[in-house]
Structure formats: C-alpha cells, structure tokens
Amino acid sequence: MEDEYTRERALEMLGAAGESLEELYRHADVVRKNHVGDEVFIRGIIEFSNICVNDCLYCGIRASNRSVARYAMSSDEILVTARGMSASLQNTVVLQSGETPGIADDKLGLIIKRIKRETGLAVTVSVGNRSLETYRYWQECGMDRYFLRFETSDAALFTRLHPGSSLEDRLCCLENLRGLGVQTGSGFMIGLPGETVGVLADNILLCRRFDLDMIGIGPFIPHPDTPLCATKNAYHDEPAMFFKALATLRIFNPDAHIPATTAFDAVFPGEGRNLALQRGANVFMPNVTPVSYKKKYLLYPGKPSVDEEPDECATAAVVRIKSLGRKVGRGPGHSFKRREQPGQ
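Residues numbered from 1 in each chain as written. Predicted model: local features only at pLDDT ≥ 70, side-chain atom pairs only at ≥ 80, totals over all residues. Heavy atoms only, no water.

Caption draft 1: Geometry of the state of the cysteines. One pass over the full model with this rule turns up zero disulfides. The closest cysteine sulfur to the non-disulfide-bonded cysteine 59 is located on cysteine 56, 6.1 Å from its own sulfur. (Disulfide = S-S within 2.5 Å.)

Below, the structure written as structure tokens:
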C-alpha cells in the first residue's frame, strides 16, 4: 500500500472494508513499528480541576452542568501524585483540567517548576486556550509539551458545538505553541453530530499540516447531563470507523506520538485500547488522578478505571502493553520530530 497524503487517499482508507480494512490495519502497524518502534510510552494523567468556563454541548464538566461537584487539587496533592509516578514506569505527567483557571496560571507555573525539580518527569499541560505570554511563561517554568485538541476542522461545526469559541482561536493557540518550539499535541473527536467522512478526512489532513508531535483522537461520546445526551455518534452503525480513522491518522503522520485513548475502552470495553495499540497507537495514558477526584471528572459516560487507584491504573497499563508483545518505553518519550527551539 503506497502512502499518498491526499484527501482522496484518506477517503479511500476510511472507506476500506473486508480484506482492504485488514490490510489498512496491518499497514498502519508496520508504519508505527518502522517510524516510532515497539516501545509504548506511559504518560499518567492528573485531572487536577474540573472547573470549566466553557459550555460545550457534549461535555460532562460543561459550565451549565449543575450536578457536577467542582474541585481543584492543591499543589501538594498534585506533587504527591506526580512523585509516585516514576516507580510505575511513567515518564510523563499530563496536567489536565477544565478550560478555565481552576488553578491560576502563575500558580500552575510554580507547580510545573516543582514537578521538574522534584521528579524529573516530562511535563505536558492541557488546560485549553491561553495567551502566547502564558504559554511562554509555562515553557520557562519547564513545560515540555502542550496538548490542545481542535476537535473538528469544520469551523461551523466547531462553533455550533462550542458556544462562545471559534476554531480560528484554537488554531491560533496551536500556531503560538509551535512558534515557541513547545512540543505540540492536538487532535479531534471521531463522529461528532453533523460530521461527514469528508470532514473526518480533513481532520486527519489538518493534523498532518500542523506537523504535530502528538495526536490524540477518540470517539464522540456525549454525557447524559448535556444537550446532546440523546445524540448518536455519526458512525454509530459503523464502529470500525473509529479504528479506520486511527490507522489512517498513523499512516498520514508516521512520526507522531499517538495515544490509545480511554474513549476507545469506553466504546469497546476491555479491548479498545489494546486494538488501538495494534492499529497505529504507541502511547498509553493511565489516569492517575486520586479516586476521590476522578469520579468528579466525567467528560463522558463509561469512562474506564474510575474506581482504580493510581498505582492500579499504572500497573494495569504495563500488563496490557506486555500482553501485546510490546515494550514499555524508557526515558522522557519526547517528540520523534526533535523540533528545535527558535534561534537554535
């Protein structure tokens, strides 16, 4: 299967069926192996706050959801959780929250400094749109990476699902991060209501255009306490599309880190992330948030491991990786693209 990075080729892959589909999966796995190897890097997520100012129509922690018990972890709680990660072969901590300062930007900078000084972990931050100055400040504090999903390449669809936000602003943030030389991650949801296969192909092409260091994708799953609670995924009747998108994404972005996201397990309980690792993914991201908080950070229903303690989640990740004949990644797991800092 010759690789061509065109919209037509993406549409052909997304339309694969039968033996062509199995060949697509095999090819994606070969591309993964040849470009990023057999190591699977484990990156623990700390969901440190569920406070959010946004009102996205599908998200469980949207501002209008009054049934959510809001929280923000203390600096010490975050540090204690991060310190316990290295022993579980986790090389990166992902600091994730709702898209508003549950912890103020300057305070988050101090937390980043402490994590770098006290643990040696690589630090990824994922807290939504911020100014160029804030991104630069966090970079100066030691932030290695930033993750900000664009969700969809269709500007009208983005605005409809994210009131008060625009795709233009989101892409501007990604450009600012890339300009700073920060390892930049983004991605999209698969099967948003109103999405066509053409939009899905455009999502994959947009990831390639941004030359992203990491790309995270997963099925659209609306939370029951949201306006889209009764809305089915656009590919409800063709769940294979979730893996077609993943495999095509890997072929179009051979050197990117691609995680097997938890949403795959929500749709395919117990096997979703395993299948993702066999069809292009090379990163596993256990949720190491303390259980007392984890249950309050439900973006969508069926989220796995909400009753498991951090060490249990990390241990389970290692077991799953080794059961597939893969190796746990060592070291910080930085970008394979080796993006240089400006001026170097």
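Caption draft 2: Structural view of empty space enclosed by the protein. The final tally for this structure, using the stated rule, is two cavities of 30 Å³ or more. The space that makes up the largest cavity amounts to roughly 940 Å³. What lines the largest cavity is a set of 42 residues, among which Gln96, Phe147, Arg149, Glu151 and Leu299 lie closest to the centre. Those elements that place two or more of their residues in the lining of the largest cavity are strand S1 (39–49), strand S2 (92–97), strand S3 (122–126), strand S6 (214–219) and helix H10 (262–267). Ranked by residue count, the leading element in the lining of the largest cavity is S6, at five residues. The residue makeup of the lining of the largest cavity, split by class, is 22 nonpolar, 13 polar and seven charged. Roughly 70 Å³ of internal volume is contained in the second largest cavity. Lining the second largest cavity we find 14 residues, and of these Arg43, Arg145, Gln183, Asp213 and Met214 sit closest to its centre. Listing elements by their share of the lining of the second largest cavity, those giving two or more residues are strand S4 (145–147) and strand S5 (183–190). When the residues that make up the lining of the second largest cavity are grouped by side-chain class, the tally is three nonpolar, eight polar and three charged. (1 Å grid on protein atoms, 1.4 Å probe; cavity = no way out; pocket = protein on both sides within 12 Å on 5 of 7 lines; lining within 4 Å. Points joined across faces, edges and corners; volume = space filled by probe spheres on them. Helix = DSSP H or I, 4+ residues; strand = E, 2+ residues; numbered from the N terminus. Nonpolar A, V, L, I, M, F, W, Y, C, P; charged D, E, K, R; others polar.)

Caption draft 3: Highlighting the pairing of S3. Most of S3 sits inside the fold, with five of its five residues counted as buried. Neither face of S3 is exposed, since Ala122, Thr124 and Ser126 on one face and Val123 and Val125 on the opposite face are all buried. The pairing of S2 with S3 spans five bridges and is parallel. Bridging from a neighbouring strand, threonine 92 pairs with alanine 122 of S3. In this view, the connection linking S2 to its parallel neighbour S3 by way of helix H4 (residues 105–119) has right-handed handedness. Of the pairings in the sheet, the one linking S3 to S4 comprises two bridges and is parallel in character. (Buried < 20%, exposed > 50% of the residue type's maximum accessible area, 1.4 Å probe, protein only. Pairing = 2+ DSSP bridges. Right-handed = clockwise from strand over helix to strand, strands pointing away.)

Caption draft 4: Layout of the side chain of serine 186. Mapped onto the elements of the fold, serine 186 is located in strand S5. For serine 186, a relative accessible area of 0% translates into the label buried. Reaching out from serine 186, the side chain makes a polar contact with the backbone oxygen of leucine 148 at a distance of 2.6 Å. Among the polar contacts made by the side chain of serine 186, one reaches the main-chain amide nitrogen of phenylalanine 150 at a distance of 3.1 Å. (Polar contact = N/O pair within 3.5 Å; in protein donor to acceptor, adjacent residues only side chain to side chain.)

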